[in-house]
Amino acid sequence: MLKKYFLIVVCCVMSLILLAEENDNRGYVVKVGDVAPDFCIKTSNDSSILLSSLRGKVVMLQFTASWCKVCRREMPYIEKEIWRKHFQNSHFVLFGIDYQETKQAVADFITATGVSYPIAYDTDGAIFIKYAESNAGITRNVIIDTDGRIVFLTRLFSQSEFEEVCRIIDNLLVDISN
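Please read these numbers as outputs of a predicted model, since none were measured by experiment. (Residues numbered from 1 in each chain as written. Predicted model: local features only at pLDDT ≥ 70, side-chain atom pairs only at ≥ 80, totals over all residues. Heavy atoms only, no water.)

Chemist: When you look at the nonpolar core in this model, what are you seeing that I'm missing?
Modeler: As a rule of thumb, soluble globular proteins bury nonpolar side chains together. Ranked by internal contacts, the top residues of the largest apolar core, which has 29 residues, are Phe39, Leu51, Leu61, Phe63, Tyr131, Val142 and Ile144. Of all the secondary-structure elements, those providing two or more residues to this core are β3 (58–64), β4 (92–99), α4 (128–131), β6 (140–144) and β7 (150–155). Of the residues forming this core, the biggest block, 4 residues, is contributed by β4. For Leu51, the residues in contact, after removing those within four places along its chain, are Ala36, Pro37, Asp38, Phe39, Val59, Tyr131 and Ile144. (Core = buried A, V, L, I, M, F, W, Y, C linked by side-chain atoms within 4.5 Å. Buried < 20%, exposed > 50% of the residue type's maximum accessible area, 1.4 Å probe, protein only. Helix = DSSP H or I, 4+ residues; strand = E, 2+ residues; numbered from the N terminus. Contact = heavy atoms within 4.5 Å.)

Now the structure itself:
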């Protein structure tokens, strides 16, 4: 009898955990399958780009900030394992989007991290709140397919989740080539 009771309790706890994970949006206001909210960004090299103009390409948005320690930890991985692998692929676009900092802070951040992928300005946080709650934390990646739909969302940095980002980008780019 005790074993049955224990088994029922374990099943209930596991169900609650799975339900909680399903409802955990990690501070996002968008979800996988949504059309990515449109915006216009200005990059550190003074280019202006409308997200919707990138349809037909695989897009990675990396929300970041100079004060974010997790961002600084993640950026070398993005540089090495995503950007350097795909930067010459005309079907791939990557933007770091710096959250609520001055252009000088962004310039110093780029120098300090040594990343070569484009970093865009979100000085007022208007782009960030199209994707996440205004009080939600930074270090977020949004992967967008060629139809402009969100296919993957990350929060913080974990090696396994980063590897999944790499696999998804690789697979999306292979699909374009075929």
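Chemist: Would you mind showing me how to read the environment of Leu153 here?
Modeler: With respect to the helices and strands, Leu153 occurs in strand β7. Those residues in contact with Leu153 that lie beyond four places of it in its chain are Arg26, Tyr28, Val30, Lys31, Val32, Asn141, Val142 and Glu161.

Chemist: Can you walk me through helix α5 (residues 159–177) in this structure?
Modeler: Residues separated by three or four positions in an α-helix point in the same direction, a consequence of the helix having 3.6 residues per turn. With 19 residues, α5 should cover 27 Å at 1.5 Å per step; its first-to-last C-alpha distance of 27 Å lies within 8% of that length. Taken together, the buried positions of α5 are Glu161, Phe162, Val165, Cys166, Ile168, Ile169, Leu172 and Leu173. End-on view of α5: buried residues confined to an arc of 160 degrees, all on one side of the axis. In α5, the exposed positions that point more than 90 degrees away from the buried face belong to Asp175 and Ser177. Of the surrounding secondary structure, the elements contacted by the buried residues of α5 are β3, α2 (69–86), β4, β6 and β7. (Expected span 1.5 Å × (residues − 1). Arc of directions from axis to C-beta.)

Chemist: Help me understand the packing of α2 against α5, please; the structure alone is not making it clear to me.
Modeler: Two measures define how a pair of helices packs: the angle their axes make with one another and the distance between the axes. Between α2 and α5, whose axes approach to 11 Å, the crossing angle comes to 5 degrees. With respect to their mutual orientation, α2 and α5 come out roughly parallel. Contacts from Tyr77, Ile78, Glu81, Ile82, Lys85 and His86 of α2 reach α5 at Gln159, Phe162, Val165, Cys166, Ile169, Asp170 and Leu173. When its residues are assigned to classes, the contact of α2 with α5 shows 8 nonpolar, 2 polar and 3 charged. (Axes fitted to C-alpha atoms, helices over the stretch in contact; angles between N-to-C directions. Parallel < 35°, antiparallel > 145°, perpendicular 65-115°, else oblique. Nonpolar A, V, L, I, M, F, W, Y, C, P; charged D, E, K, R; others polar.)

Chemist: Got a minute to help me understand the pairing of strand β1 (residues 40–43) in this structure?
Modeler: Taking every second residue as pointing to the same face, the buried face of β1 carries Ile41 and Thr43, while none of Cys40 and Lys42 on the other face is buried. As judged from the 3 bridges shared by β1 and strand β2 (residues 48–50), these two strands associate in the antiparallel manner. Note that in β2 the partner of Cys40 across the bridge is Leu50. Turn length for the β1-β2 hairpin, with the two strands adjacent in sequence and antiparallel, is 4 residues, and the turn residue Asp46 shows positive phi of about 70 degrees. Alignment of β1 against strand β5 (residues 119–122), held across 2 bridges, turns out to be antiparallel. Looking at the pairing, Lys42 lines up with Tyr121 of β5. (Pairing = 2+ DSSP bridges.)

Chemist: Sorry if this is basic, but what is going on with the sheet that holds β3 here?
Modeler: Where strands meet in a sheet, backbone hydrogen bonds hold them as pairs that are either parallel or antiparallel. Here we have 7 strands laid out as an open sheet, ordered β2-β1-β5-β4-β3-β6-β7, and mixed in their pairing. Unpaired on one side and paired on the other, β2 and β7 mark the two borders of the sheet. Neighbour to neighbour, the strand axes of the sheet diverge by 30 degrees on average, direction disregarded. In the packing of α2 onto the sheet, the strands contacted are β3, β4, β5 and β6, and the crossing angle to β3 comes to about 160 degrees.

Chemist: What is the right way to read the pairing of β7 from this model?
Modeler: Within a regular strand, side chains alternate between the sheet's two faces. Counting buried positions along β7 gives 5 out of 6 residues, so the element sits mostly inside the fold. Of the strand pairs in this sheet, β6 and β7 are connected by 5 bridges, and their pairing is antiparallel. Bridged to Val142 within β7 is Leu153. Linking β6 back to β7 in an antiparallel pair, the connection comprises 5 residues, with Gly148 at a positive phi of about 85 degrees.

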